[in-house]
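Take a look at the letters that make up each chain.
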Amino acid sequence: MLTPMDIHNKEFKRSFRGYNENEVDEFLDKVMEDYELLYKENSDLKDRVNILNDKLQNYTDIEKTLNNTLVVAQKSAEDLKLNAKKEADLIIQQAQQEAEKIMQKANQEVVRIRAELENQRKKLNVFKAKFKTLLEGELEAILSIDDREFFDDENDVRNDEE
């Protein structure tokens, strides 16, 4: 690529009937100035493009980092949610097992109380039967007493008094 110095240092061969040397020099000076401005502007724009590309790369890196962070956060949230569900399921399972144990104990207690109640009923029935037998025996004994014998003794007591 031509540089402004190349234009400035360019020498043309002289020829007969050539262009006016002063006009060519003035024109070349003007071209060199314009070219130098364009060359600097182009260089500045290249620098600016490089800076913008660096910034773009930086922003791209930040975007990747943010995306990765978001993915990690989503994964963490999903893991946390899954762990919470597992823990809740475990708590429910333990509560159900505990409830089942309590129900079994309660059922065993009901069976024990019913057996005790039945045992007490049997004892009561045995007591009633024995007491009834005792009362019937006493009633028989009372009914078997002959009134005359009872009263004959009373007569004997009267006779003794006389």
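Criteria and thresholds
- Residues numbered from 1 in each chain as written.
- Predicted model: local features only at pLDDT ≥ 70, side-chain atom pairs only at ≥ 80, totals over all residues.
- Heavy atoms only, no water.
- Helix = DSSP H or I, 4+ residues; strand = E, 2+ residues; numbered from the N terminus.
- Rg over C-alpha atoms; globule rule 2.2 N^0.38 Å.
- Areas by Shrake-Rupley, 256 points an atom, 1.4 Å probe, with all protein chains shown as cover.
- Lys, Arg positive; Asp, Glu negative; His and termini not counted.
- Charge placed at Lys NZ, Arg CZ, Asp CG, Glu CD.
- Salt bridge = Lys/Arg side-chain N within 4 Å of Asp/Glu carboxyl O.
- Buried < 20%, exposed > 50% of the residue type's maximum accessible area, 1.4 Å probe, protein only.
- Phe/Tyr/Trp six-rings, centres within 6.5 Å; stacked < 30°, edge-to-face > 60°.
- Patch = residues over 30% accessible without salt bridge, like charges linked within 9 Å, V, L, I, M, F, W, Y side chains within 5 Å.

### A word on the overall build of the protein chain
Next, step 1: Counting secondary structure elements, the protein chain contains three helices and zero strands.
Next, step 2: In terms of overall size, the protein chain is more extended than a compact globule, its C-alpha atoms giving a radius of gyration of 64 Å where 162 residues would be expected to give roughly 15 Å.
Next, step 3: Dimensions along the principal axes, computed over C-alpha positions, put the protein chain at roughly 210 × 25 × 15 Å.
Next, step 4: For the protein chain, the computed accessible surface area is about 15600 Å², with 56% contributed by carbon and sulfur atoms.
Next, step 5: Of the charged side chains in the protein chain, 26 are positive and 38 negative; the average position of the first set lies 10 Å away from that of the second.

### Looking at the pattern of salt bridges
Next, step 1: Scanning all chains against the criterion turns up five salt bridges.
Next, step 2: Linking aspartate 34 and lysine 30 is a salt bridge whose minimum nitrogen-to-oxygen distance equals 3.6 Å. Of this pair, aspartate 34 and lysine 30 both sit in helix α2 (residues 21-144), four residues apart, roughly one helical turn.
Next, step 3: Taking relative accessible area as the criterion, aspartate 34 reaches 35% and is therefore assigned partly exposed.

### Some points on the packing of aromatic side chains
Next, step 1: One pass over the full model with this rule turns up two aromatic pairs.
Next, step 2: Judged by centre distance (5.7 Å) and plane angle (15 degrees), the rings of phenylalanine 127 and phenylalanine 131 are stacked. With phenylalanine 127 and phenylalanine 131 both in helix α2, this residue pair falls four residues apart, about one helical turn.
Next, step 3: Accessibility expressed as a relative area gives 51% for phenylalanine 127, which makes it exposed.
Next, step 4: Classification of phenylalanine 131 as partly exposed rests on a relative accessible area of 40%.

### Re a nonpolar patch on the surface
Next, step 1: A cluster of nonpolar side chains, Leu124, Phe127, Phe131, Leu134 and Leu135, forms an exposed patch at the surface whose accessible area comes to about 490 Å².
Next, step 2: Position of leucine 134 among the secondary structure elements: in helix α2.
Next, step 3: Residue leucine 134 is classed as partly exposed on the basis of its relative accessible area, which comes to 45%.

### Focus on a negative patch on the surface
Next, step 1: Judged by side-chain charge, Glu11, Glu23, Asp25, Glu26, Asp29 and Glu33 come together as a negatively charged surface patch.
Next, step 2: Mapped onto the secondary structure, glutamate 23 falls in helix α2.
Next, step 3: Glutamate 23 sits in the exposed class, given a relative accessible area of 53%.

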